[in-house]
Amino acid sequence: MADSISSLPLYEKVSHKSFILRTVDLTILGLLFSLLVYRIIYINQYDNVWIVAFLCESCFCFVWLLVTIIKWSPADYKTYPDRLHERVRELPPVDMFVTTADPVMEPPIITVNTVLSLLAVNYPANKLACYVSDDGCSPIIYFSLREASRFAKIWVPFCKKHNVQIRAPFRYFSNPPIHPEGSDSGQFEEDWKNMKVEYEKLSRKLEVVAENSYWLDADEDFAAFANINPRDHATIIKVIRENNGGVGEDTEVPHLVYVSREKSPMHPHHYKAGAMNVLVRVSGLMTNAPYMLNVDCDMYVNNPDVLRQGMCLFLGSKTQNEYAFVQSPQLFYDTFGDEIVVLQTYIGRGMVGIDGPIYAGSGGIHRRRIIYGLSPHHLDDDGNLSSIAKVELLGEGKLEREYGDCKEMVKSAVEALRGKSTPQNDLTISLEAAHRVGACDYEYTTNWGKTIGWLYGSTTEDANTSVSIHSKGWKSLYNSPDPPAFLGCMPAGGPAVMGQQRRWATGLLEVLFNKQSPVIGMLYRKLGFRTGLCYLYLFIWGIRSIPELCYSLLPAYCILHNSAFLPKGFCFFAGAMLKHSRCTCGDAFPLQSLGIHKSWFTHSKLARHSIIRENKDDMRVAIQHSRHYT
């Protein structure tokens, strides 16, 4: 039986190709092209409005062409983590990164829940280490993590004993207790009540400290935070919990390390990318795990098997020279992330069928050696460094120029590139070197942020780093289990959402025109053509609003200038479709699918008269239709 299980694959790639969907996509594309041809034929018979409509519709047609190419061969992966123990003798170590920057915008209780969900995943605790980057250098965050590590001593065993599925306490205790199969109901209820009481104590304590943090000054452990300036301070690294001598039992808690990098007004900080690179260096000195998972502070683990599923994808691959990272979709437990969910469901699956998904900035498991700049041609068929790689990467003097002048950092980088992992038995031994690699000036004259680590040059460091990895010839994998691997929350609305959207739009445009541009990758590097079009579709997301805005203003312009921009007879076809849809589907018919905005039928009488002027009889019919539907 064991032999039969060991011969089974750890994952399967599932194709979602659909002849019907392909036909629909091509039909829409054909209609859009026919509309453009019609406008070109009659362009001399109309004024400038016709030209503006033609330019806008050309943009829409180009975007739909990109969508059709991306969605042509959608796929997904199905993993079998239960087969891991038969196929893999020992699971590889994983370093987990959490980034936070503002204890006001990102409350400590949210960060604590994310950390607790990571510490409690179904993975040997002696193979895990959690590093939290606090870019705000807040003593409240450090205090919250210290209290969370104490709570984790009872939370982690509780989750693994009763096979709890949701391991973020604030989500778990928001629902009635669900009795797990195979355990004593009386014991579970008692444990559940005790655990809820302890979590409520933790929450109240964090709330009190958030309102009155002055009493933390009396604790010697907080001396480094005295009179701290979040924008000008030295590196602070504290080992909160160590799992020394652990053997992977369910009662163990992984390493937990607090990191706040040095900041100075005289040095650039590169936002999240700079924080991630510091975490990579500090973790490389302490545990140097070959795999790294990073999540945002508000993106908790919703599926406790997420790391085992990721290892199924990595270790189940036939070759180590193909895949760079595993990305899980970003899903949300609130109602503000529907647009992103739809984008990932259709566009994301389409990319999986090509060369793999884009790294989304959270929920990605990376191979450390690839983050250190490794390319596919640097590896032999067995996954070891080739003779060319030893010359290009490990040559004399090159390591210092690449990774910095810290000898311990260079040594750990060499081990990572060779695929080895030698974690420290005592994490505190590496604290001095960790402070050095967290300094502001450490990256000067090195390739950190240029070809190594998370790349600089854009506020969307995830897209910048992702296109760089794919341009080297690497592919990626997709993990979309049920229940979802991670769940997070979107900004509630208002300025926060606007600021986030503006940051995404400008950051993606920055990547489009910098050295990592997908156009350059397709022409001069190893970025696949269809993969490059995927990135192009993503990076022009911000400027797509320009033709959309212009097109939406055309009806108002036609009202004021008594002109038309729709082809002759178009309104009768749209009116007939609207009438049919209301007879059969009520008000649920998606006019946008026809390229028609619903407001076109609800403008003033002047707008209705201005659509078609040539034939009075036709105009009378159009007015009757529009009055009926108003």
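Further up the page is the structure itself.
Below is a summary of the structure that appears in this document. (Residues numbered from 1 in each chain as written. Predicted model: local features only at pLDDT ≥ 70, side-chain atom pairs only at ≥ 80, totals over all residues. Heavy atoms only, no water.)

**Let's talk about the side chain of aspartate 134**
Formally: Helix numbers and strand numbers start at the N terminus; a helix is a DSSP run of H or I with at least 4 residues, a strand a run of E with at least 2. Only protein chains enter the calculation, and the probe is 1.4 Å; a residue is then buried if its accessible area is under 20% of its type maximum, exposed if over 50%, and partly exposed in between. The sign given to each residue is positive for Lys and Arg and negative for Asp and Glu; His and the chain ends receive no count. Just to be clear on terms, a salt bridge is a Lys or Arg side-chain nitrogen sitting within 4 Å of an Asp or Glu carboxyl oxygen. By the criterion applied in these results, polar contacts are pairs of N or O atoms within 3.5 Å in which, for protein atoms, one can donate a hydrogen and the other can accept it, and in which residues neighboring in sequence qualify only through two side-chain atoms.
Tracing the backbone shows aspartate 134 in strand S4 (residues 128–134). Despite its burial, aspartate 134 pairs with no opposite charge, the nearest such side chain being lysine 263 at 8.2 Å. A polar contact of 2.7 Å, which involves the side chain of aspartate 134, links it to the side chain of tyrosine 258.

**Some points on the pattern of salt bridges**
What the rule picks out here adds up to 20 salt bridges. Linking aspartate 95 and arginine 368 is a salt bridge whose minimum nitrogen-to-oxygen distance equals 2.7 Å. Of this pair, aspartate 95 sits in strand S3 (residues 94–100) while arginine 368 is found in helix H12 (residues 368–371), placing the two residues 273 residues apart along the sequence. One exposure class covers both aspartate 95 and arginine 368, and it is buried. Two residues, lysine 201 and glutamate 198, come together in a salt bridge whose shortest N-O distance is 3.7 Å. Taken together, the residues span about one helical turn, with lysine 201 and glutamate 198 both in helix H8 (residues 185–211) at a distance of 3 residues.

**Quick word on the packing of helix H18 (residues 495–512) against helix H20 (residues 529–539)**
Applicable threshold: To define axes, lines are fitted to C-alpha atoms, for helices over the stretch in contact only, and angles between the resulting N-to-C directions are given on a 0 to 180 degree scale. To sort the angles, those under 35 degrees are grouped as roughly parallel, those over 145 as roughly antiparallel, those from 65 to 115 as roughly perpendicular, and the leftovers as oblique. Whether two residues touch is decided by their heavy atoms; if any such pair falls within 4.5 Å, the residues are in contact. Polar here means any residue outside two lists: the nonpolar Ala, Val, Leu, Ile, Met, Phe, Trp, Tyr, Cys and Pro, and the charged Asp, Glu, Lys and Arg; Gly therefore counts as polar.
It is the contact of H18 with H20, at a shortest axis distance of 9 Å, that shows an interaxial angle of 140°. Comparing their axes, H20 and H18 come out oblique. Residues Leu508, Leu509, Val511 and Leu512 of H18 pack against Leu536, Leu538 and Phe539 of H20. Grouping the amino acids of the contact of H18 with H20 by side-chain chemistry returns 7 nonpolar, no polar and no charged.

**Brief notes about the sheet that holds strand S13 (residues 486–488)**
To be explicit about the condition: Pairing between strands is defined by DSSP: at least two bridges between them are needed.
The mixed open sheet is built from 3 strands, whose spatial order is S8-S13-S10. A strand with exactly one partner marks an edge of an open sheet, and here the two such strands are strand S8 (299–301) and strand S10 (331–332).

**Some words on the packing of aromatic side chains**
Quick reminder of the rule: Stacked, edge-to-face and tilted labels apply to pairs of Phe, Tyr and Trp rings (six-membered ring for Trp) whose centres lie within 6.5 Å, assigned for plane angles under 30 degrees, over 60, and everything in between, in that order.
A full pass over the atoms with the stated rule returns 33 aromatic pairs. Judged by centre distance (5.9 Å) and plane angle (65°), the rings of phenylalanine 225 and tyrosine 258 are edge-to-face. Taken together, the positions of phenylalanine 225 in the loop between H8 and strand S5 (236–241) and tyrosine 258 in strand S6 (residues 255–260) put the pair 33 residues apart, joining distant regions of the chain. Taking relative accessible area as the criterion, tyrosine 258 reaches 0% and is therefore assigned buried. Measuring from centroid to centroid gives 5.7 Å for tyrosine 535 and phenylalanine 539, while their planes differ by 45°, and the two rings are tilted. Here tyrosine 535 pairs with phenylalanine 539, and both are found in helix H20, just 4 residues apart, close to one helical turn. Since its relative accessible area comes to 0%, tyrosine 535 is described here as buried.

**So, the packing of helix H9 (residues 271–286) against helix H15 (residues 407–417)**
Running from N to C, H9 and H15 point in directions that differ by 80°, and their axes come no closer than 9 Å. The orientation of H9 with respect to H15, classified from their angle, is roughly perpendicular. Within the contact between the two elements, H9 uses Arg281, Gly284 and Leu285 and H15 uses Glu408, Met409 and Ser412. When grouped by side-chain class, the residues that make up the contact of H9 with H15 number 2 nonpolar, 2 polar and 2 charged.

**Considerations on the environment of valine 164**
Within the secondary structure, valine 164 is located in the loop between helix H6 (139–161) and helix H7 (169–172). Distance from valine 164 to alanine 120, taken between C-alpha atoms, is 9.6 Å for residues 44 residues apart in sequence. Apart from residues lying up to four places away in sequence, valine 164 is in contact with Phe158, Cys159, Tyr172 and Pro304.

**What about H6?**
Quick reminder of the rule: Here a helix's expected span is defined as the number of its residues, less one, multiplied by 1.5 Å. Given a residue, its bend is the angle between the two axes fitted to the seven residues that end at it and to the seven that start from it.
For H6, with 23 residues, the first-to-last C-alpha span of 33 Å sits near the 33 Å given by 1.5 Å per residue. By the largest-angle criterion, alanine 152 marks the main kink of H6, which is about 45°. Summarising burial for H6: 18 of the 23 residues are buried, a large majority. The N-terminus of H6 is capped by serine 138, whose side-chain oxygen sits 3.2 Å from the backbone nitrogen of isoleucine 140. At the exit of H6 stands asparagine 163, carrying a positive phi of roughly 50°.

**A few points about the nonpolar core**
The nonpolar side chains of a soluble globular protein tend to be buried with one another. How we decide: Buried Ala, Val, Leu, Ile, Met, Phe, Trp, Tyr and Cys residues that are joined via side-chain atoms within 4.5 Å together make up what is termed a nonpolar core.
With 74 residues, the main nonpolar core has Val94, Cys130, Trp155, Phe158, Leu293 and Leu307 as its most contacted residues. A per-element tally of this core places H6 first, with 12 residues. Excluding residues within four positions of it along the chain, cysteine 130 makes contact with Met96, Val98, Val115, Leu118, Leu119, His255, Leu256 and Val257. Val257, Tyr359, Leu374 and Val410 belong to the second-largest nonpolar core, a separate cluster that totals 47 residues.

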